[in-house]
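Now for the letters of each chain:
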Amino acid sequence: MPEIPSVSGPEDVRIGVYVCHCGTNIAGTVDVKALASYAACLPHVAVSREYKYMCSDPGQALIEVDIAEHDLNRIVVASCSPLLHEATFRRVLARAGLNPFLLQMVNIREHVSWVHSDRKTATEKAKDLVRAAVRRVSLHKPLEKRRVPINPSVLVVGGGIAGIHAALKLADAGKQVYLVEREPTIGGHMAMFDKTFPTLDCAACILTPKMTAVGSHPNIKLYTYSEVVKVDGYVGNYKVRIKHKPRYVNEDLCIGCQECITACVYKEGKTPDEFNLGLSKRKPIYLAFPQAVPQKVVIDRDTCIEFKSGKCKKTCIEACGERLAIDFKQKETFEEIEIGAIILATGFKTFAPERNPSCGYGQYPNVYTSLEVERLINASGPTGGEVILRDGKRPTSVGIIHCIGSRDANSNRWCSKVCCMYSLKLAHLIKEHTGAEVFNFYIDMRTPGKGYEEFYDRLLDEGVHFVRGRVADVSDWAVHPSEEGKLVIRAEDTLAGFVRRIPVDMVVLSVGLEPQTDAQDVRRLFNISCSSEGWFLERHPKLAPVSTFTEGIYIAGACQGPKDIPDSVAQAGAAAAEALALIDAQSVELEPYTAAILEQDCSGCKSCIPLCPYQAITFVDEKKKAYINEVLCKGCGTCVAGCPSGSIQQNFFEDDQIFEEIEGVLAYA
Amino acid sequence: MELKRTVKFEADRDPEFARWVSHTVGGERIRHCLQCGLCSGKCPLSLYMDYTPRRLMHLSREGFKEEVLGSSSIWLCTACYACMVNCPKNINVTHLLYALKQRAIEEKRYPRRFAIPVMARQFSDMVRGSGRITESWLVVRVFLRTSFWRLLGMSRLGAKLFLSGRMPLKREKIHRQPEMEKLLDSVAATRKELAL
Amino acid sequence: MRYAYYPGCSLRGTGRSYEESLLAVFRALDVEIDEIDDWNCCGATTYMSVDELTSYALASRNMALAERGHSEIIAPCAACYLVLNKTQHYIREYPSIKIVVTRALETIGLEYHDRIRVRHPLDVLLNDVKPENIAAKVKVPLNGLKFAPYYGCQIVRPYSTFDDQRDPTSMERLLEACGAKAVHYPLKTLCCGGSQKGTLPEVGLDLVHYLLKEAQKNGAEVVATVCPLCQFNLESFQKEAGERHDETSLPVLYFTQLMALALGAPAHTIGLQRGFVPIEPLLTTKEIAYA
């Protein structure tokens, strides 16, 4: 038998090896007794045992007792994947008074017994792996987890329903919250809706109390018309730079009386009103909607005469009178805040139907998106809640087309989840407002939430026509005399089995939800990931929907994926809870797998600095050496591999340890 | 009142046909068809079909060979691609229709003196023989074999075309006609060898 | 750059005016072409229905011939355009088809290297020549002549890369550079029925009727087409469709005929006399000078 070279390492290494049967999961394929006997003969192994369930209490006790009785100072556990029980066994070592990082796990289940069937070769492989671990563990050093304190304030980005709810929960818990919203008012998309499904509650009525609560909460600093421009730091210790865009109105002085708007030299609005999606016009000085929070007016510099020519009469200032709230000289300002956790609730945008020419949007005036219709039927909308079309007509027949920009390889593959419900809602509201004949063209009717199927039942009672068929075309091509002057929707009625042409006065496109246009820029700013479709990526789709892979940053609402209001609120509460859990722990433990520069070897070439995905490496000019911030370092190992002179070492993955492991695998028994 | 009993047993399905459908060019993603009906909605000829394109997709993947190969749909399709280009699941509807058409011609499932396969045969013969199509003679040949009366009915149009110089009677031929035969024979041989 | 030119069988028959006017347009705009020597029929949709594999071999012969000396091939006929593109895509995608084609071409001493780009005249005129340059060479402005831009199906679907597949506008841009005006035409890509008129007459007649009626209803004075079969169908069966449904009397021209007219080519060289509905009265009314 060839001689096994002796392990290089501290001479007083005494290793305990524990082989788990895992019932028959491992023992069914691997000869665990032979494995334990083999391990017992390896150098520096003082104890070698096998046991049915190492992770059980008696199993753990075995290790603890052996450590005391046999003076063990290194442990190898050959069992399942470390993802499952590494933490368990580390705690065992800690209880027994050993540094938890003097443990090495060997995976003889997922890597051996679950993927091989031949007992002989599986056992040989297990022996190789255990031998490697024994050699490696001798070189393990004690490591300490670091604790850093956590700043108890939280930044919430996005003032829609999710951001509002998260901010309120955190503020009620006594934490300082900064809510940053880039529009002049909070409220998000929900403020634009008329009624919400399935209860048909008025959206503004249920939203505005929460909005005013945010505006007046002592623990919330509300920064509207502002954006985050820089994020530095790490969990518990973020430094964020916020840009405040100039309203040209002093927020502390404006009382929202709106006299300035009435007095503006523009007698009528000329600029398409963003809140009403261009269906009405506004003046350069405006308030987004009557219940805006904060109730402060804003001036749009692109359309205001004073900015264009400098020669305006400025009747607005006159109307403001003594308050002197208008300030044309206002400038963009920046502010730095320090916070411990961040919740991103930046919401969604709707699919732009111009991308699908067959649906007629933009070609025919009476084709609307669902969001535009929400404004039309809203009492504070452009037509005072009457459904009056762009050409002045009142519709007697309306077609609502589902799945525009959803479930489609030509635009977005996903189902946008809310459109079936809101299409049913719009069908009901349009019928109520106009008495028109309403046709819903759907593919599947997706109504899974609480009360949603019952809502569908209610619509079925109301006499809305449901045609199951994806709409092929909307055009003004008339074949039958009844189609003249109308918009004709052509679709196969799949349930009936023939093609139908249905003339309508108004077409409503149920547009799907998409990530915001700048979602990629935002996620890069905050250093989180996006899915391939552009939604912010959660840590685990089932078990961790509101946390991200970046510690201390949480996501909530539609920015994570299409969802309705109840789910957005639930996620917002969850994100707030996770942020609270982080903050109330008062400090956070960091894994010690960090890399460090070996100063004596570092040549100052700076190759490592751009390699770090977490910007943890900086250059210390005085010493002309690189420096790794342990707290930012995530232990990815890129710099270790990239350093041309090998002057970076990583805890728990040192070169010596890895080479020993490799040699252990390759050596013959 | 005439009653027709329709219930389909598993024995009515042809699994070989279903398998062929999902492996033939065009049938690759047939299992993904959601039956949304967009293909039928876009198709300008679906109003004349006995089975709309959507129904044909489902019947094909389930293996209802008789219904599929006996349908009028496969003959009505003009291969305008409106269905395929817009299909939300990227199913190659048009190419599958071509495959079904070819199979129907192979298995001779069409009425006697049906113009489409006759046209196809005359067309391919003319290509083999001359390398190019002379429209005038092609039309004559097809109508002679299908409906002589229709040919007479078209004579006025034919005369107009001839008089406006758009229906030359001179045969269009390529110089290197033997290349056509070599080409076509080679394809036939390789096809046999590779069992395509 | 000189382009290889692949007329296709119809351009020598029913599509004669297309070729005449296309060559006139190219001459006026200095687009240099070389007809592929001894080109053969591409197989069109008919061969595709019977024997797809063979149609790829037929089409490749032309491309292999064109590759000798050219990097781009202009195929005016919509069916040829589609078949050539499909052949290129399928040879790339399916190794078995590549084998069949390679061997077949070998027997006649040819090789296909997939180095040739298939272009349509619309693409060449829009992107290589450009509307501004065309507008500069217009000698006979079309004085707002109203046309319905009818693309048909095969030029846009499924292989068109130079224009939007659902709402193409290349014809509008080119003809508007010549002074004509496009009318609203929702049926611009509706299939004309192809060869169905011959095989299933009622179907073909309905489609022809819809296309013509909608053009007329939207105020078109002429229908502009890009495909020989579309032009043939619309023109030849206009009267019959009118007898069965509503009458229409629109001249149906190739877009190249209108362009050639605008660029100053004499009428008889661009086949204006070959149409069934004379266009001369219309030109006179619009004060468009034609030689």
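Nothing here was measured: the structure is a model prediction, and the numbers come from that model.

Along its length, chain A carries 17 helices and 34 strands. Across its three principal directions, the C-alpha atoms of chain A cover 95 × 70 × 45 Å. Buried positions account for 53% of the 669 residues belonging to chain A. When contacts within chain A are restricted to residue pairs at least 6 apart in sequence, those whose partners lie at least 24 apart make up 69%. A total of about 29300 Å² of accessible surface is found on chain A, and carbon and sulfur atoms cover 52% of it. Here chain A contributes 76 positively and 83 negatively charged side chains, and the mean placements of these two sets differ by 3 Å.

To continue, consider the overall build of chain C. When helices and strands are tallied, chain C shows 14 helices and 8 strands. In summary, chain C has a C-alpha radius of gyration of 19 Å against a globular reference of 19 Å for 291 residues, a match within 12%. Considered along the principal axes of its C-alpha atoms, chain C spans approximately 60 × 45 × 30 Å. Taking all 291 residues of chain C together, the buried fraction comes to 68%. Put simply, chain C has 29 plus and 35 minus side-chain charges, and the middle of one group is 2 Å from the middle of the other.

Moving on: the side chain of S17(C). Within the secondary structure, S17(C) is located in helix α1 (residues 16-28). Every residue in contact with S17(C), bar those within four places of it in the chain, is listed here: Y254(C), Q257(C), I270(C), G271(C) and R274(C).

This part covers helix α3 (residues 53-62) of chain B. Because each turn of an α-helix spans 3.6 residues, side chains separated by three or four positions in sequence point in the same direction. With 7 of 10 residues buried, α3(B) lies mostly within the body of the structure. Among the residues of α3(B), P53(B), R54(B), L56(B), M57(B), L59(B), S60(B) and R61(B) are the ones counted as buried. Buried-residue contacts for α3(B) involve β25 (487-493) of chain A together with α1 (15-23), α2 (38-42), α4 (65-69), α5 (73-76) and α7 (93-106) of chain B. Looking one or two places after α3(B), you find G63(B), whose phi comes out positive at around 90 degrees.

What follows is about the domain arrangement of chain A. Residues and elements named next belong to chain A. In terms of domain boundaries, chain A breaks down into domain 1 (15-145), domain 2 (259-323), domain 3 (350-514) and domain 4 (594-650). For domain 2 versus domain 3, the separation of C-alpha centres amounts to 34 Å. Taken together, the contact between domain 2 and domain 3 spans 5 residues of the former and 8 residues of the latter. Regarding the contact of domain 2 and domain 3, the summed buried area is about 610 Å², with carbon and sulfur atoms giving 73% of it. Looking at the side of domain 2 facing domain 3, the largest losses of area belong to N276, L277 and L279, adding up to 76% of the total buried there. One can count 0 salt bridges joining domain 2 with domain 3.

Let's shift gears to the domain arrangement of chain C. Residue and element names in this part refer to chain C. Under the domain assignment used here, chain C contains domain 1 (2-121) and domain 2 (138-285). Taken together, the 27 residues of domain 1 in the interface contact 23 residues of domain 2. Contact between domain 1 and domain 2 buries roughly 2100 Å² in total, counting both sides, with carbon and sulfur atoms accounting for 70%. Our enumeration of links across domain 1 and domain 2 arrives at 1 salt bridge. With a shortest N-O distance of 2.5 Å, E20 and R274 are connected by a salt bridge. The tally of links between domain 1 and domain 2 comes to 5 residue pairs in polar contact (both at pLDDT 80 or more). Sorting the residues of the side of domain 1 that touches domain 2 by element identifies α1 and α4 (78-93) as the ones contributing at least two each. Per element, the largest residue contribution to the side of domain 1 that touches domain 2 is 9 residues, and it comes from α1. Residues belonging to the side of domain 1 that touches domain 2 are distributed by class as follows: 15 nonpolar, 9 polar and 3 charged.

Time to look at the interface of chain B and chain C. A common way to state how big an interface is: give the accessible area lost once the parts meet. Of the residues lining the interface, 57 residues belong to chain B; the matching set on chain C comes to 68 residues. Around 5700 Å² of area is buried between chain B and chain C when both sides are counted, 63% of it from carbon and sulfur atoms. Area buried by chain B at its contact with chain C is led by R132(B), R166(B) and L183(B), which between them contribute 12% of it. Counting every contact that joins chain B to chain C gives 6 salt bridges. D51(C) is paired through a salt bridge with R191(B); the nearest N and O atoms lie 2.7 Å apart. Along the contact surface separating chain B from chain C lie 23 residue pairs in polar contact (both at pLDDT 80 or more). Going through the elements one at a time, α5, α6 (82-86), α7, α8 (115-130), α9 (135-146), α11 (155-163) and α12 (178-194) of chain B are the ones with two or more residues in the side of chain B that touches chain C. The dominant element in the side of chain B that touches chain C, judged by the number of residues it contributes, is α12(B), at 11 residues. Its residues assigned to classes, the side of chain B that touches chain C comprises 32 nonpolar, 11 polar and 14 charged.

Among the secondary structure elements, S138(A) is positioned in helix α5 (residues 119-138). Classification of S138(A) by relative accessible area gives buried; the value is 1%.

Next up on the list: the interface of chain C and chain A. Between chain C and chain A, the residue contacts involve 10 residues of the former and 13 residues of the latter. Interface area, chain C with chain A, both sides summed: about 910 Å², of which 53% is carbon and sulfur. There are 1 salt bridge connecting chain C and chain A. Linking chain C with chain A are 4 residue pairs in polar contact (both at pLDDT 80 or more), by the criterion used here. Of the residues that constitute the side of chain C that touches chain A, the class distribution is 4 nonpolar, 1 polar and 5 charged.

This part takes up the sheet that holds strand β26 (residues 498-504) of chain A. Residues and elements named next belong to chain A. Taken in spatial order, the 3 strands line up as β24-β25-β26 in an open sheet, and their pairing is antiparallel. In the strand order of this sheet, the two ends are held by β24 (473-475) and β26, each with one partner. The sheet shows a mean angle of 20 degrees between the axes of neighbouring strands, direction not considered. Bridging between β25 and β26 involves 7 bridges; their strand directions are antiparallel. Bridge pairing links L487 to V504 in β26.

It is worth spelling out the sheet that holds strand β17 (residues 333-339) of chain A at this point. Residue and element names in this part refer to chain A. With antiparallel pairing, the 3 strands of this open sheet are ordered in space as β11-β12-β17. Where the open sheet ends on each side, the last strands, each with one partner, are β11 (226-234) and β17. With direction set aside, neighbouring strand axes in the sheet form an average angle of 20 degrees. The pairing of strand β12 (residues 237-244) with β17 spans 7 bridges and is antiparallel. Residue pairing for β17: R241 is matched across the bridge by E336.

Residues and elements named next belong to chain A. Tracing the chain through its elements places D300 in the loop between β16 (298-299) and α9 (305-309). For the pair D300 and Y286, spaced 14 residues apart in the sequence, the C-alpha separation amounts to 8.1 Å. Here D300 is in contact with R282, P284 and Y286, once residues within four sequence places are set aside.

The tally for this structure, following the rule as stated, stands at 81 salt bridges over all chains. The shortest N-O distance in the salt bridge between E374(A) and K425(A) comes to 2.6 Å. In this pair, E374(A) sits in helix α11 (residues 370-377) while K425(A) sits in helix α12 (residues 419-434), placing the two residues 51 residues apart along the sequence. Across the pair, exposure class does not vary: E374(A) and K425(A) are buried alike. Across the salt bridge formed by E19(C) and R12(C), the nearest N and O atoms sit 2.9 Å from each other. Classification of E19(C) by relative accessible area gives buried; the value is 10%. Via salt bridges that share partners, E16(B), K65(B), E66(B), R103(B), E107(B) and R109(B) belong to a single interconnected network.

This part is about the packing of α1(C) against helix α13 (residues 255-262) of chain C. Residue and element names in this part refer to chain C. Axis separation between α1 and α13 bottoms out at 8 Å; the angle between their running directions is 40 degrees. Classified by the angle between their axes, α1 and α13 sit oblique to one another. Viewed along their axes, α1 and α13 form a crossing whose handedness is left-handed. Two secondary-structure elements touch here, α1 through S17, Y18, S21, L22, A24 and V25 and α13 through F255, T256, Q257, M259 and A260.

Okay, the packing of aromatic side chains next. All names here are of chain A. Taken as a whole and judged by the stated rule, the model has 26 aromatic pairs over all chains. Judged by centre distance (6.1 Å) and plane angle (80 degrees), the ring pair of F101 and F652 falls under edge-to-face. Taken together, the residues F101 in the loop between α3 (82-95) and β4 (103-107) and F652 in the loop between β34 (648-650) and α17 (655-666) connect sequence positions 551 residues apart. Owing to a relative accessible area of 2%, F101 belongs among the buried residues under this scheme. Taken together through their ring pairs, the aromatic side chains of F101, Y593, F652 and F653 make up a single cluster. In this structure, R90 is placed above the aromatic ring of F652, and the distance from its NZ or CZ to the ring centre is 5.5 Å. Sitting over the face of the ring of F619, K606 holds its NZ or CZ atom 4.5 Å from the ring centroid.

About the cut-offs
- Residues numbered from 1 in each chain as written.
- Chains lettered and ligands numbered in written order.
- Predicted model: local features only at pLDDT ≥ 70, side-chain atom pairs only at ≥ 80, totals over all residues.
- Heavy atoms only, no water.
- Helix = DSSP H or I, 4+ residues; strand = E, 2+ residues; numbered from the N terminus.
- Buried < 20%, exposed > 50% of the residue type's maximum accessible area, 1.4 Å probe, protein only.
- Contact = heavy atoms within 4.5 Å.
- Areas by Shrake-Rupley, 256 points an atom, 1.4 Å probe, with all protein chains shown as cover.
- Lys, Arg positive; Asp, Glu negative; His and termini not counted.
- Charge placed at Lys NZ, Arg CZ, Asp CG, Glu CD.
- Rg over C-alpha atoms; globule rule 2.2 N^0.38 Å.
- Domains from an automatic or database assignment.
- Buried area = accessible area lost by both parts, 1.4 Å probe.
- Salt bridge = Lys/Arg side-chain N within 4 Å of Asp/Glu carboxyl O.
- Polar contact = N/O pair within 3.5 Å; in protein donor to acceptor, adjacent residues only side chain to side chain.
- Nonpolar A, V, L, I, M, F, W, Y, C, P; charged D, E, K, R; others polar.
- Pairing = 2+ DSSP bridges.
- Axes fitted to C-alpha atoms, helices over the stretch in contact; angles between N-to-C directions.
- Parallel < 35°, antiparallel > 145°, perpendicular 65-115°, else oblique.
- Left-handed = near helix turned anticlockwise from the far one by under 90°.
- Phe/Tyr/Trp six-rings, centres within 6.5 Å; stacked < 30°, edge-to-face > 60°.
- Lys NZ or Arg CZ within 6 Å of the ring centre and 35° of its normal.

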